[in-house]
Amino acid sequence: PFPMMSAPCRSVCVNKNSRVTSSCRRHGHGRRSVNASATLLSCSSGSTFLSESQKAALHETALLIARPGKGISACDEGPGTVGSRFEDVGVANSEETRRVYRQMLFTPRAADYLSAVILDPETLYQKNDDGEAFPAALSAMGVVPGVKPHLKVYELPGQNGNTVMQGLDSLAARCKEYYNAGARFAKWRSPINIDVSNGQPSQLIIDTNMLDLARYALICQSEGLCPIVEPDISLTGDHTLEDAVAINIKVQSALYHAMLEHGVYMEGTTLKPNIVNPGKSCATSYSVEEIAQANLDVFARCFPTAMPGANYLSGGQSLEDAAARLSMINKMKQPNHPWNISFSWSAAIQLPILDLCKGKGGELPLEEMEQLYIDELKIASDASLGQYEPPAGASDGAHVGVREKATVA
């Protein structure tokens, strides 16, 4: 049910007059010639490497991901991460256990609340109990299957622990394989820490990570995958909400500039940002309304309206906090905030589910886990529509400053 994209034209040469030529007889696109001076027009929105039908397929995928009231289930943790979570609750880590656990997350009941699912490459090639590949099963449910194509982070020397993500060198080949396996989008995470006292994130860290995200997006689109770009700014630190706004704008504006300069087709992309928050150790308290307004301000100042949606990561927030903040953001949206703003949560949803395994002798109580999963997705869906109301005793999404916490204690 999801858009198929014809393979991109690949036969390229440069003639003696410095004119770039390409042809694709297989698809009947004919032969075209682009003067090398066209590099001045780098903000080409994909027109130099994508046909109109290919752009339409990417745009359709982005719109499917951005369906109101639905969000993304981030199930892309690698075997090691899942294994450590299993170990914490007394479950043995094996490929079969991981498959059964993922299958529970792909229950047809989840389709009421999910537009898409991000898969680890291992899961992309696994099958359900009926012998159907997970991507095909998800597609049949109306849920777009995607994949995490990046590899491991690398800590850049001299940058106070900040990192870059690895995996660009072989990305095109992997994206081609993932598309053929049924994926229709990809997600690349670039984690960044704020440490104002040490000048982080430095311009080097911002530029390196955002250029990598732009190149990843370009490569994905050339292979038919709608790219989700994820500039993930950590909650760790003592920075204020005002600091977070300034740094998020600096990072996101660098990202969009890099994407445009690379010629990325913006209408065929999606954003997965962090919710803009003060650092966990910030001494100043902020209301949920102040946090929501900060997020809307960041978007209004730099988020291209060509991109149809944003799906927030949870980033160490509890489900209660993330839902309360997302709901308030949607309640406070104005006409100058045209995007679908939803969720793409992993730990906030999965950790409470896995807690149900404690004391069960290493077994997965699948029915109980599935029911809690659906209940959590309903909360996330309501938040994406601005309809979640925190129950009595639950967090309202405000940030309580560390000084206040100490006083209360």
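Everything here concerns the structure above.
A brief report on the enclosed structure follows. (Residues numbered from 1 in each chain as written. Predicted model: local features only at pLDDT ≥ 70, side-chain atom pairs only at ≥ 80, totals over all residues. Heavy atoms only, no water.)

**Topic: the overall build of the chain**
Short version of the rule: Starting at the N terminus, helices and strands are each numbered in turn, a helix being any DSSP run of H or I of at least four residues and a strand any DSSP run of E of at least two. Partly exposed describes any residue whose relative accessible area lies between the buried limit of under 20% and the exposed limit of over 50%, with all areas from a 1.4 Å probe on protein chains only and scaled to the type maximum. Residue contacts follow a heavy-atom distance rule, with two residues in contact if any of their heavy atoms lie within 4.5 Å. Note on areas: these come from Shrake-Rupley sampling with a 1.4 Å probe, and a residue is covered only by the protein chains present in the view.
Counting its regular elements, the chain contains 13 helices and 13 strands. The buried share of the chain, taken over its 409 residues, is 55%. Within the chain, contacts between residues separated by at least 24 positions form 77% of all contacts whose residues are at least 6 apart in sequence. As displayed, the chain has an accessible area near 17,100 Å², and 53% of this comes from carbon and sulfur atoms.

**Considerations on the packing of helix α9 (residues 288–302) against helix α10 (residues 319–331)**
Cut-off, in case you're wondering: Angular values range over 0 to 180 degrees, each being the angle between N-to-C directions of two axes fitted as lines to C-alpha atoms, with helices fitted over their stretch in contact. Here roughly perpendicular refers to angles of 65 to 115 degrees, roughly parallel to angles under 35, roughly antiparallel to angles over 145, and oblique to all remaining angles. Crossings are sorted by hand: turned counterclockwise from the far helix by less than a right angle, the near helix makes the crossing left-handed, and turned clockwise it makes it right-handed. Here the nonpolar group is Ala, Val, Leu, Ile, Met, Phe, Trp, Tyr, Cys and Pro; Asp, Glu, Lys and Arg are the charged ones; every other residue, Gly included, is treated as polar.
Relative to each other, α9 and α10 sit at 60 degrees, their axes nearing to 9 Å. In terms of orientation, α9 and α10 fall into the oblique class. Seen along the crossing, α9 lies across α10 with a hand that is right-handed. Residues Val288, Glu289, Ile291, Ala292, Asn295 and Leu296 of α9 lie in contact with α10, whose contacting residues are Ala324, Arg325, Met328 and Ile329. For the contact of α9 with α10, the class distribution of residues is seven nonpolar, one polar and two charged.

**Observations concerning helix α3 (residues 95–105)**
Helical periodicity: at 3.6 residues per turn, an α-helix aligns residues three or four positions apart in one direction. α3 sits mainly inside the fold: nine of its 11 residues count as buried. Those residues of α3 that sit buried are Thr97, Arg98, Arg99, Val100, Tyr101, Arg102, Gln103, Met104 and Leu105. Residues of α3 that are buried make contact with β4 (71–75), α2 (79–88), α4 (121–124), α5 (134–140), α11 (347–355) and α12 (366–384).

**A few points about the pattern of salt bridges**
As a reminder of what qualifies: For this analysis, a salt bridge means a side-chain nitrogen from Lys or Arg found within 4 Å of a carboxyl oxygen belonging to Asp or Glu.
Considering all chains together, one arrives at 16 salt bridges under this definition. Here Glu96 makes a salt bridge to Arg99, at a shortest N to O gap of 2.9 Å. Placement of the pair is Glu96 and Arg99 together in helix α3, with a separation of three residues, close to one helical turn. In this structure Glu96 comes out as partly exposed when scored by relative accessible area, which is 45%. A salt bridge links Lys148 to Asp120; the shortest N-O distance between them is 3.3 Å. With a gap of 28 residues between them, Lys148 in the loop between β6 (144–147) and β7 (153–155) and Asp120 in the loop between β5 (114–119) and α4 connect regions that are remote in the sequence. On the basis of relative accessibility, which here comes to 13%, the residue Lys148 falls in the buried class. One salt-bridge network, held together by shared partners, links Asp76, Lys187 and Glu230.

**Here we look at a negative patch on the surface**
Counted only if it meets this: Patches were defined on residues exceeding 30% relative accessible area and lacking a salt bridge, with like-charge contacts within 9 Å and nonpolar side-chain contacts (Val, Leu, Ile, Met, Phe, Trp, Tyr) within 5 Å. Note on charges: Lys and Arg go in the positive column, Asp and Glu in the negative column, and His and the chain ends are not counted at all. Where a charge lies is defined by one atom per residue type: Lys uses NZ, Arg uses CZ, Asp uses CG and Glu uses CD.
On the surface, Glu242, Glu289, Glu290 and Asp396 cluster together to form a negatively charged patch. Note on placement: Glu290 falls in helix α9. A relative accessible area of 40% means that Glu290 is categorised as partly exposed.

**Focus on the packing of aromatic side chains**
Each aromatic ring pair is described using two quantities: the centre-to-centre distance and the angle formed by the ring planes. What counts, and what does not: Ring pairs shown here join Phe, Tyr and Trp side chains whose ring centres sit within 6.5 Å, with only the six-membered ring taken for Trp; geometry is labelled stacked below 30 degrees between planes, edge-to-face above 60, and tilted in between.
Within the structure shown, the criterion is met by nine aromatic pairs. Plain terms: the ring middles of Phe86 and Tyr101 are 5.6 Å apart, the flat faces sit at 80 degrees to each other, and that makes the pair edge-to-face. A residue pair is termed long-range when its members are at least 10 positions apart, and Phe86 in helix α2 and Tyr101 in helix α3 qualify at 15 residues. Given a relative accessible area of 1%, Tyr101 falls into the buried group. With centroids separated by 5.4 Å and ring planes inclined at 35 degrees, the aromatic side chains of Trp188 and Tyr216 adopt a geometry described as tilted. With Trp188 in strand β9 (residues 185–192) and Tyr216 in helix α7 (residues 203–222), this pair connects stretches of sequence that are 28 residues apart. Neither Trp188 nor Tyr216 differs from the other in exposure class; each is buried. The rings of Tyr256, Phe299, Phe303, Tyr312 and Trp339 are connected pair by pair, giving a single aromatic cluster.

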